[in-house]
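# Observations on the model geometry
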Amino acid sequence: SKKAPMDESAKAAVDVVVEASSPEEESFPWWLLLLLAFLLLVLCLCCLMLLLPTSTQHPAAPALVPAPVKEEPVEEQRLLAPPPPRPPASAPAPAPAPYLTLSFVDAESKPITKTWHDKPLGLTFSKDTHPVVVTKVVKGSKADLHGITTGMKMTAVEFTGQDRTSVEDKD
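Residues numbered from 1 in each chain as written. Predicted model: local features only at pLDDT ≥ 70, side-chain atom pairs only at ≥ 80, totals over all residues. Heavy atoms only, no water.

### Some points on the environment of Ala97
Put simply, the rule is: Segments assigned H or I by DSSP are reported as helices when at least four residues long, segments assigned E as strands when at least two residues long, and all are numbered from the N terminus. In this scheme, a residue with accessible area under 20% of its type's maximum is buried, one over 50% is exposed, and one in between is partly exposed, where area comes from a 1.4 Å probe on protein chains only.
Checked against the element boundaries, Ala97 lands in the loop between α2 (30-51) and β1 (100-105). A relative accessible area of 47% means that Ala97 is categorised as partly exposed. Residues Ala97 and His117, 20 residues apart in the sequence, show an inter-C-alpha distance of 7.3 Å.

Shown next as structure tokens:
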């Protein structure tokens, strides 16, 4: 099978088609234009919803018509005294402020009891020995301001909602 020779006008048409479909000169993707149009539509709808007034009114409730009052003869009507005023409702007692009370004895066995309402306490004490002894007091701390000193023995602990508990060795 022999191919027919192309005339000049056919060659020019093929060249134009080949040039239009070359990858260097691709046209703008159609799906990107569609996406852009969709986003523009969503933006317009959002702006429109912001501008429209919202209706917060509820349908009117039917008017209530009071029932007719039967009037009694004046002779039989009783004049009632107004009810006595109610005592004001007492507010519940406020919860006690949280606290921690520690009792100590100093070197002369003088008892000292101090209360903290917040942290830090400002002291360190022995954990595995009896009696419990203050091992360090931070200078300027609440414990220091309360007069707690190193070497004091802790005798009792009390804190919000709990009874006083002795920490002394009961030998």
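### Description of unusual backbone geometry
Pro120 follows Lys119 through a cis peptide bond whose omega is -5°. The phi angle at Ser109 is positive, at roughly 65°, despite the residue not being glycine. Structurally, Ser109 is set in the loop between β1 and β2 (111-116). The exposed category is assigned to Ser109, whose relative accessible area is 57%.

Function cannot be inferred from these measures alone, as they are strictly geometric.
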